[in-house]
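Fold and contact review
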Amino acid sequence: MSEKKYTYEEFLEIIAALRSENGCPWDKVQTHESLKPCMMEEAAELLASIRIFDKTGNPENMIEELGDVLLQVVMHAQIASEEGLFTMEDVVNEVARKMVRRHPHVFGTGNADTPDEVLVNWEEIKKEEKKDKDWVESPLREIPRELPALTRAVKVLKKIDKHYDKGNTYEQDVEAVCRLAESLRDCEPEKENEKLQAVLSELLLHVSDVARIAKIPQEQILTDKIDDLIDKYE
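A quick note: this is a predicted structure, and the numbers were derived from the prediction, not measured. (Residues numbered from 1 in each chain as written. Predicted model: local features only at pLDDT ≥ 70, side-chain atom pairs only at ≥ 80, totals over all residues. Heavy atoms only, no water.)

1. A short note on the overall build of the protein
Within the protein, the secondary structure is distributed over 11 helices and 0 strands. Seen along its three principal axes, the alpha-carbon backbone of the protein occupies a region of about 70 × 55 × 40 Å. Put simply, of all contacts in the protein between residues at least 6 apart along the chain, 48% involve residues at least 24 apart. When the accessible surface of the protein is split by element, carbon and sulfur atoms take 57% of a total near 17,700 Å². Within the protein, one finds 32 positive and 51 negative side-chain charges whose respective centroids are separated by 5 Å. (Helix = DSSP H or I, 4+ residues; strand = E, 2+ residues; numbered from the N terminus. Contact = heavy atoms within 4.5 Å. Areas by Shrake-Rupley, 256 points an atom, 1.4 Å probe, with all protein chains shown as cover. Lys, Arg positive; Asp, Glu negative; His and termini not counted. Charge placed at Lys NZ, Arg CZ, Asp CG, Glu CD.)

What follows is the structure, given as structure tokens:
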């Protein structure tokens, strides 16, 4: 007998059942806040599955990890539905409307012949959508604090350069990196921990700006370097 094939609607019913009065003791007590680490972990595992697929050509792990990310999305929507905030249907409808709005060159009369033109249009439409939204504090503070610090640094520096025209040049950043690296010689880790933190934080920020200007994905190259280090010692 062939294994049952579940539909999207049945999946929603399964999650609702897990959250019901007679459902799973763990699932029933989860909240938006408690699930935050789960989403971060599942997103990382999905990225790992893409790497595994690139290496092996086997999509089995990617199917599983995409399902785990979808599970997190549906769990949040189910909790929100129980709270009377919104439903999964609202989530699907909103993202569908956004895709139509932000692709006028596909669904409307807009023009975009290159990926770069698409991104320019996307940012302009996004900017217009966010006008008067009370959760958008400023161009810089709308970049989530929850991003990895190296990724967030590049996004903040890019927006500073765009909105405030105060970005450093490549030469200024390299000069600062050299100066700060040299000043590390004068720091005593056991006695001047706060000073060392200040120097390192500024050094990392200038290194991030070098990566931004050079369009080098610093998260990726650091990840690759860590893998090289593991290979070296194992």
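Moving on, there is more to tell.
2. Remarks on the pattern of salt bridges
Taken as a whole, this structure holds 15 salt bridges when the rule is applied. Of the charged contacts in the structure, one is a salt bridge between Arg185 and Glu182, with a shortest N-O distance of 3.0 Å. By sharing partners, the salt bridges in this structure join Glu94, Arg97, Arg101, Arg102 and Glu129 into a single network. (Salt bridge = Lys/Arg side-chain N within 4 Å of Asp/Glu carboxyl O.)

3. Comments concerning the confidence of the model for the protein
In this model, the protein carries an average pLDDT of 93, and 100% of its residues clear a pLDDT of 70 or more. The least confident element of the protein, judged by mean pLDDT, is helix H8 (residues 149–164) at 90; the most confident is helix H4 (residues 60–82) at 98. (pLDDT = per-residue confidence, 0-100.)

4. Here we look at the packing of aromatic side chains
Following the criterion strictly, the structure yields 0 aromatic pairs and no others. A cation over a ring is seen here: Lys4 above Tyr6, with NZ or CZ 5.1 Å from the ring centre. (Phe/Tyr/Trp six-rings, centres within 6.5 Å; stacked < 30°, edge-to-face > 60°. Lys NZ or Arg CZ within 6 Å of the ring centre and 35° of its normal.)

5. Focus on H8
A rise of 1.5 Å per residue sets the reference length of H8, with its 16 residues, at 22 Å; its end C-alpha atoms lie 21 Å apart and thus fit the reference within 8%. Within H8, the full set of buried residues consists of Leu150, Ala153, Leu157 and Lys159. Considering only its buried residues, H8 is in contact with helix H10 (193–214) and helix H11 (218–233). Just past H8, the residue Asp165 takes up positive phi, approximately 50°. (Expected span 1.5 Å × (residues − 1). Buried < 20%, exposed > 50% of the residue type's maximum accessible area, 1.4 Å probe, protein only.)

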